[in-house]
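Notes for the structure review
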Amino acid sequence: MTTMADRLIEAMTRSAAHQYGQERVDELAHALQCAELAEAAGADEELVLACLLHDVGRYAVDQDTVSDSLAAAAVSPDARRGHHEAGADLIAPHVPARVAFLVRFHTEAKRFLCTTEPGYHATLSPGSKHTLTLQGGLMTRAEVAQAQERPWWPEAIALRRWDDAAKVVGRPTRSLEAWKPLLMKYFGGPPVLR
Ligand SMILES: [Fe+2]
């Protein structure tokens, strides 16, 4: 039987052939760098897993159904879910709510930082600035207040900063193989009712 772990590993393996948006690193390298940055900072297992999978909606989901993919935005005007929502929905049946939350809100964290942190927007890559527009642009004051009240918001911001830093061409990381036990732990069996 094909498990979700098999599906994710296959999709992540294939993602090595895909450029990460308009960045110069590929999707897999970006995911591996993000997970290792979190791990090096002492993040717990769930937060590291969220970092590893935060962009799963970009490569393990049909991109014609994703509204903020650079390619699909033009051809699929009816797509309503951003990659963050598509990815969170995909993994939610297998992971603790906190992991799905962190994946779901990593683009909101970008909108939050662009709105509240002077100079942050200027640090974004051109591709990230472009998708910011597709993802709703700057937050209103009410949206900022609402975000700060969400559970696990500080971790969502932390993930976002590792996400931003995980775009270094050629940075050495462990291979995807090293993450298979973690992926098997959460995705090796049937969905868990939580
Ligand atoms: Fe990312």
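Structure's up top.
Reference entry: report on the structure contained in this document. (Residues numbered from 1 in each chain as written. Predicted model: local features only at pLDDT ≥ 70, side-chain atom pairs only at ≥ 80, totals over all residues. Heavy atoms only, no water.)

Quick word on the coordination of the iron ion
Here the iron ion is held by Tyr20 (OH), His30 (NE2), His54 (NE2), Asp55 (OD) and Asp163 (OD), and the distances to it run 2.2 to 2.3 Å. As a motif over one chain, the donors of the iron ion read Y-x9-H-x23-H-D-x107-D. Linking Tyr20 in the loop between α1 (4–15) and α2 (27–40) with His30 in helix α2, this pair joins segments that are 10 residues apart in sequence. Like Tyr20, the residue His30 is buried in the burial classification. (Donors = N, O, S within 2.8 Å, 3.2 Å for Na, K, Ca; no water. Helix = DSSP H or I, 4+ residues; strand = E, 2+ residues; numbered from the N terminus. Buried < 20%, exposed > 50% of the residue type's maximum accessible area, 1.4 Å probe, protein only.)

A short note on the packing of aromatic side chains
Tallied over the full model, the rule gives three aromatic pairs. For the pair Phe101 and Trp152, a centre-to-centre distance of 5.4 Å together with 65° between the ring planes defines the contact as edge-to-face. Of this pair, Phe101 sits in helix α7 (residues 97–104) while Trp152 sits in the loop between α11 (141–148) and α12 (153–165), and the two are 51 residues apart along the sequence. For Phe101, a relative accessible area of 9% puts it in the buried group. Looking at Trp152, the relative accessible area reads 31%, which means it is partly exposed. What links up through ring pairs into an aromatic cluster is the set Phe101, Phe105 and Trp152. (Phe/Tyr/Trp six-rings, centres within 6.5 Å; stacked < 30°, edge-to-face > 60°.)

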